[in-house]
Every structure is written in structure tokens, then in C-alpha cells.
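Per-entry structural report
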There are 2 protein chains.
Amino acid sequence: MNFADASSTRSVRLFEAFAAVGAPQSLSEISNLLATPLSTCHGLVKALQNGGYLYSNNVSRRHYPTRRLLQIAETIAANDPVLKYFDAHMAELRDTTEETVILGTLQKDAVVYLNVVESPHSIRYSARPGDMKPLHSSALGKLMLGESEKKVREGFLKTLPLDAVTQNTLTTPDVLRRDLEQSRDRGFYMTRGENVSEVLAMAAPVRIGGEIYGVVVAGPIGRMESKQAEIEDALTTACTRISGDFG
Amino acid sequence: MNFADASSTRSVRLFEAFAAVGAPQSLSEISNLLATPLSTCHGLVKALQNGGYLYSNNVSRRHYPTRRLLQIAETIAANDPVLKYFDAHMAELRDTTEETVILGTLQKDAVVYLNVVESPHSIRYSARPGDMKPLHSSALGKLMLGESEKKVREGFLKTLPLDAVTQNTLTTPDVLRRDLEQSRDRGFYMTRGENVSEVLAMAAPVRIGGEIYGVVVAGPIGRMESKQAEIEDALTTACTRISGDFG
DNA sequence: AAGAGTTTTTCTGTATTATGAATTTTGCCG
DNA sequence: CGGCAAAATTCATAATACAGAAAAACTCTT
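Just so you know, these numbers come straight off a predicted model, no measurement behind them.

A short note on the overall build of chain A
Summing up its helical and strand segments, chain A has 11 helices and 8 strands in all. Seen through its principal axes, chain A has C-alpha atoms that stretch 65 × 40 × 35 Å. Counting over 247 residues, chain A shows a buried share of 55%. Long-range contacts, defined as pairs at least 24 residues apart, comprise 53% of the intrachain contacts of chain A with a sequence gap of at least 6. Taken together, the 27 basic and 29 acidic charged side chains of chain A have centroids lying 7 Å from each other.

Side note on the sheet that holds strand S8 (residues 211-220) of chain A
Residue and element names in this part refer to chain A. The 6 strands lie next to each other as S5-S4-S3-S8-S7-S6, forming an open sheet whose pairing is antiparallel. In the strand order of this sheet, the two ends are held by strand S5 (132-133) and strand S6 (189-192), each with one partner. Sheet analysis places strand S4 (residues 110-117) next to S5, joined by 2 bridges and oriented antiparallel. If you follow Val 112 over to S5, its bridge partner there is Met 132.

Points about the environment of Asp 245 of chain A
Residues and elements named next belong to chain A. Within the element layout of this structure, Asp 245 appears in helix H11 (residues 228-246). On a C-alpha basis, the gap between Asp 245 and Tyr 85 in space is 7.6 Å, while along the polypeptide they are 160 residues apart. With sequence-adjacent residues up to four places away left out, Asp 245 is seen in contact with Tyr 85 and His 89. A distance of 2.8 Å separates a polar atom in the side chain of Asp 245 from a polar atom in the side chain of His 89.

With respect to the interface of chain B and chain A
Counting from both sides, the interface comprises 65 residues of chain B and, opposite them, 65 residues of chain A. Roughly 5500 Å² of surface becomes buried between chain B and chain A when both sides are summed, with 60% attributable to carbon and sulfur atoms. Its largest share of buried area at the contact with chain A, chain B owes to Tyr 55, Arg 67 and Ile 76 of chain B, together 14% of the area lost on that side. Between chain B and chain A we count 6 salt bridges in total. With its nearest N and O atoms 3.6 Å apart, the salt bridge here joins Arg 68 of chain A to Glu 16 of chain B. At the boundary of chain B with chain A, the tally comes to 24 residue pairs in polar contact (both at pLDDT 80 or more). Taken together, the residues of the side of chain B that touches chain A sort by class into 31 nonpolar, 22 polar and 12 charged.

What about unusual backbone geometry?
Residues and elements named next belong to chain A. The backbone phi angle of Lys 108 is positive, close to 60°, even though this residue is not glycine. Secondary-structure assignment places Lys 108 in the loop between strand S3 (100-107) and S4. The exposed category is assigned to Lys 108, whose relative accessible area is 70%.

Some remarks on the side chain of Thr 36 of chain B
With respect to the helices, strands and loops of the structure, Thr 36 of chain B is situated in the loop between helix H3 (27-34) and helix H4 (38-50). Only 2.8 Å separates the side chain of Thr 36 of chain B from the backbone oxygen of Leu 34 of chain B, close enough to count as a polar contact.

Digging into the pattern of salt bridges
Residue and element names in this part refer to chain A. A full pass over the atoms with the stated rule returns 32 salt bridges over all chains. In this structure, Lys 142 and Glu 194 form a salt bridge, with 2.9 Å as the shortest nitrogen-oxygen distance. With a gap of 52 residues between them, Lys 142 in helix H7 (residues 139-147) and Glu 194 in the loop between S6 and strand S7 (199-208) connect regions that are remote in the sequence. In this structure, Lys 142 and Glu 194 share a single accessibility class: buried.

Some details on the pairing of strand S7 (residues 199-208) of chain B
Residues and elements named next belong to chain B. With 8 of its 10 residues buried, S7 lies for the most part within the structure. Looking at chain direction, strand S6 (residues 189-192) and S7 are connected through 4 bridges and run antiparallel. By the bridge assignment, Arg 192 is partnered in S7 with Leu 200. Hairpin connection of S6 to S7: 6 residues between the antiparallel strands, including Gly 193 at a positive phi of 65°.

Re the relation of the copies chain B and chain A
Screw-axis analysis of chain B against chain A gives a translation of 0.0 Å along the axis, an RMSD of 0.1 Å, and a rotation angle of 180°. Taken together, the rotation and translation describe the operation of a two-fold axis. Among all C-alpha atoms of chain B, that of Ser 8 of chain B lies closest to the rotation axis, at 2.3 Å. Counting the interface residues of chain B, we find that 98% of their copies in chain A are interface residues as well, pointing to one common contact surface.

Thoughts on the sheet that holds S6 of chain B
All names here are of chain B. The strand order S5-S4-S3-S8-S7-S6 describes an open sheet built from 6 strands, whose pairing is antiparallel. Of all strands in the sheet, those bounded by a partner on one side alone are strand S5 (132-133) and S6. Bridge analysis of strand S3 (residues 100-107) against strand S8 (residues 211-220) gives 6 bridges, and the strand direction is antiparallel. The residue bridging Val 101 from the neighbouring strand is Val 217, located in S8.

Looking at the environment of Ser 148 of chain A
All names here are of chain A. Its place among the elements puts Ser 148 in the loop between H7 and helix H8 (150-159). Given a relative accessible area of 9%, Ser 148 falls into the buried group. Of the polar contacts made by the side chain of Ser 148, one reaches the backbone oxygen of Met 144; its length is 2.6 Å.

Considerations on the packing of aromatic side chains
The final tally for this structure, using the stated rule, is 6 aromatic pairs over all chains. Taken together, a centroid distance of 5.9 Å and an interplanar angle of 50° make the contact between Phe 86 of chain A and Tyr 213 of chain A tilted. In this pair, Phe 86 of chain A is assigned in helix H6 (residues 83-97) and Tyr 213 of chain A in strand S8, connecting sequence segments 127 residues apart. When its relative accessible area of 1% is taken as the criterion, Tyr 213 of chain A is described as buried. Between Arg 68 of chain B and the ring centre of Tyr 53 of chain B, over which it is positioned, the NZ or CZ distance is 5.1 Å.

What to know about the nonpolar core
If you look at the biggest cluster of nonpolar residues, it comprises 100 residues, and the most contacted ones within it are Phe 15, Phe 86 and Val 215 of chain A together with Phe 15, Phe 86 and Val 215 of chain B. Aside from chain neighbours lying at most four places away, what touches Phe 15 of chain A is Leu 48, Tyr 53, Leu 54, Pro 65 and Leu 69 of chain A together with Val 12, Ile 72 and Ile 76 of chain B.

Conventions and cut-offs
Residues numbered from 1 in each chain as written. Chains lettered and ligands numbered in written order. Predicted model: local features only at pLDDT ≥ 70, side-chain atom pairs only at ≥ 80, totals over all residues. Heavy atoms only, no water. Helix = DSSP H or I, 4+ residues; strand = E, 2+ residues; numbered from the N terminus. Buried < 20%, exposed > 50% of the residue type's maximum accessible area, 1.4 Å probe, protein only. Contact = heavy atoms within 4.5 Å. Lys, Arg positive; Asp, Glu negative; His and termini not counted. Charge placed at Lys NZ, Arg CZ, Asp CG, Glu CD. Pairing = 2+ DSSP bridges. Polar contact = N/O pair within 3.5 Å; in protein donor to acceptor, adjacent residues only side chain to side chain. Buried area = accessible area lost by both parts, 1.4 Å probe. Salt bridge = Lys/Arg side-chain N within 4 Å of Asp/Glu carboxyl O. Nonpolar A, V, L, I, M, F, W, Y, C, P; charged D, E, K, R; others polar. Least-squares fit on C-alpha atoms with pLDDT ≥ 70 in both. Phe/Tyr/Trp six-rings, centres within 6.5 Å; stacked < 30°, edge-to-face > 60°. Lys NZ or Arg CZ within 6 Å of the ring centre and 35° of its normal. Core = buried A, V, L, I, M, F, W, Y, C linked by side-chain atoms within 4.5 Å.

Written out as C-alpha cells, the structure reads:
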């Protein structure tokens, strides 16, 4: 394979680093952060400066991004034909449940978080858009398996290594298959410490243009259990409404 | 020179393209947008997918960014030690003047827009963060020249090609030097169709940690002239307040 | 003001990546 | 359900960007 990982995504990794440290950086600091030689970083920084993405303080000689990237990212987010319709409903769901709400979909042999709206509590399920989760142990992953066509599902059940991510992970195809069937019938999927111990997650599907999306509410087991019925209710009605918006 | 332009900034150019077209794209469409071979785009898209930046619709086979980039850009913007203090004042200035307000600084031998807050009017000065403007013909550029140390200023006056960007551009060092002196004395810099005809811009300096920043109010000449005194007033008080926030 | 240390910039061989053609897969229509 | 067209993926090679070292610029201290 010929993945242009190192080079072509280095600019993105630079922005990641800026988000992580949250402060202007000198060239040598950037070199450290990216674990990349100074000369390489020099070229990259200069290129991004020319593109108007980075500016340097003439006094401190440190670099920081302009608002250009933000502007582009906002434009992209505003134009997404699917995600933008979820926004309001996800925010509402977060407000009523007071737990983290996540939108995700199937990507190759994993689930990718397309958007995350975090709980207001300081103890909360915390995640970022772009995070990937395994199919067999996460609520979203099980949703994707359960809602896929039988052929696809059985293919995954045959080939996926059902690693025991935690003690509660379902690690045999038969047990997992049964769980998927039950979940499908009742309309939502659930994990109880199967991917992250202490986390209970509930996921319901939304179909748009033939594509399967999943909305998850996730939080610490204790707090989630105490309001499980309400969450179940809020989640399923939210998903119905979202589907309705596209009807 | 060894600028890693083509390769290392290709991921950023891809996001630019997504912002421009505002819709999911197939691999071949991406190839067209970036004027880059399919195989190259394939590697790039795969790398960005692995990083959680892009997701593909399994039905339409089109790609679109997740909210990951937005999340990173927002984190970066929130942490900027300088720009975030300007935000409120720039928004207020935009509201009182009803014209586009821009923050910029000196970058090499040009001025770069760090942030742009646009006028509510449909006829307005429109620009994006990251845009570059010449030093001799833009209000911000003249501000940078006028506020720099004499040595720096004279260096620029000697070496800059004072191109006639419009008919009103000041194209001789002597005329420009006089304009800078007058502007410096009265506390703000001004262009009247010197960089873009029909545009009147007024810029006032803000000094932070030895670094010179400039705040500009720009709009169509007619509208700007009719409220020039108010704008002058609002601009200078805003800049004073911003400086105060750092005092 | 002058020197020592630090940081930035330049330079060139080498290794990695981009490329275009061939292959495979996928979607579509009869 | 099978054949065709279009798109995605792989592969070998040519081209380009990367990395390390050396030079230059800048800072800070004396």
C-alpha cells in the first residue's frame, strides 16, 4: 500500500498539535510536537504561512493559526447535507438527557463519530468527532451490525476478531448475534461496559438515503441507569423526528 | 527553495475545495477539484479517513468531512492568546459601524488578515481570514509601515515595488511617506480606492507585547463617507479599549 | 557593543511519495 | 441473473519532498 500518511497529513497533524497545546509555538517547538526535523517543519510552516493559515508574531517569533481554517471548517459544517439536520435534535437530546450525544456511521470495518455533543456534567462520556470504535463492542458498532443486511452482518461476524475489550465484551458470534436480534426488535442497541467499563450507551438507528446512521446517548452506568426509561424514550422519539425531517 | 507546497498542503487544499463546493464529492470529483491524479487523491482520502477527518457515504460513495476539523479549529480559535480578546470589540465595532471589520498584522512584506467580521449589508467589503494585502496600497499595510520603526519603514520604502494597484494608489516613496506621517499624527490610516476602487478603509493600531496589530473598518466609499466621523470615533475608542484589556 | 549560544534558513543526496497504466471491484441495465 | 460501463484500487517507476548538516541570522548577556 502507498499511504501518503506521513507527508500529506502533516499539515493536519500540525493543526491538531496547535489544538492540543493551545498556544503559539516556535519552529523548534513545532519540530518537537510533530517529531519531525526542523527543516521539514520549516517548509511546512512557510507553505501554510503563504496560504494564510499561519501567522507569526514578529516579536516572539512564534507561530499560530489565523482564523482561516475555522472559517473553512464552519463553511463545510454548514453545508453538510446530512449532519446539519441532526444538530438541533442532538442538542435537544443532550439537554433533556444531560448526557453526551454522538452521531456515527459505518466506515470500513469500524464506526466513526461524525459529531459529538458533550454532556454538561464534569463526569461524562467524552469523545471527539473522527474517533473510531470497534463494531462488536460499541453501541454504535452493534447498531451498524444489527441494521446492516444479513449478508454484510454475517460477513463481519465471520471475519471480525471479537476481542475482549473489557470483561463485558461479547466475544462469540452466537452471543453477539442474539444480542443484535434482540436489540433490533426493541429498536435500540445497548452496551454496558462492553467497550469502556463504567459506560452505558444506548443507540438508535436513522436511515437516510439508504445509509444507516446511529445516534447514541452515553454516560456513566449509574447515572444512565437511573434515567434509562426517559433516555430510551427521548432517544427513539428524536430519531423518529430526524427521519421525519428527511421524509 | 524547497517549499513543500504541492504535497504537504494538499490536505488543506482538499478542505478548501469542500468549503467551496459545499457538497459530498466522489473520488473522481475530488481529483478534478484538486487537479491531481486519482491515485494520489485516493491515498490522501484514505489517509484522512483513517484519521477520522473524512467519512464516506456507503451508498453514494461520496466523501465529506466529519466535524473533527471544525472541533480542532474551534479549539485553536478559543486558545489564541491575542485574537480572542479582539473578538468582542470587533463584533461591537461591526455592529455600530455596520461595515466589515478586519484584524491584521505584518507578515514578511505583506499584511495578513487574521480575522474578518463582515458587514450586515449585502453590498460590503468582503474578505477572508488569511487573505494577504500589499503594504503600500492597503489601509492595514500603510498602518504597518507607519507604525514600524523608522529603519524598517525606510527599508520597505526602498525595496517595495510601489505598483499602481488602482488609479489612486500612492506610487512614490515621498508621497507615501508624507501620507504615513500625517496618518500617524492623527491616529489612523486611510485608503480611498487605493487598493480596491470604490472601497474606503480606515485603520487604527493596537500594540500588544511589542507587536503591531491593526483594526480596519472598510466599506463602499459613499456609505463610509456619510458616517466617517462616527466610524473614526468608534474605531479609535475600540482600539483604546483593546489595548486597555492587555494593560 | 561584542561575543556566545540559540534559532532559523539553506543546501544536497537519499528515501519516500506521486504518478499513470493495469487490475479489480462495483453499480447498472437489459 | 449476467454482461457492460464506471469507478476504485493496486503496482512499478519516476519525481519530489525529506532529513541531516552546515551556514546565517538573531538574542541575550556581559
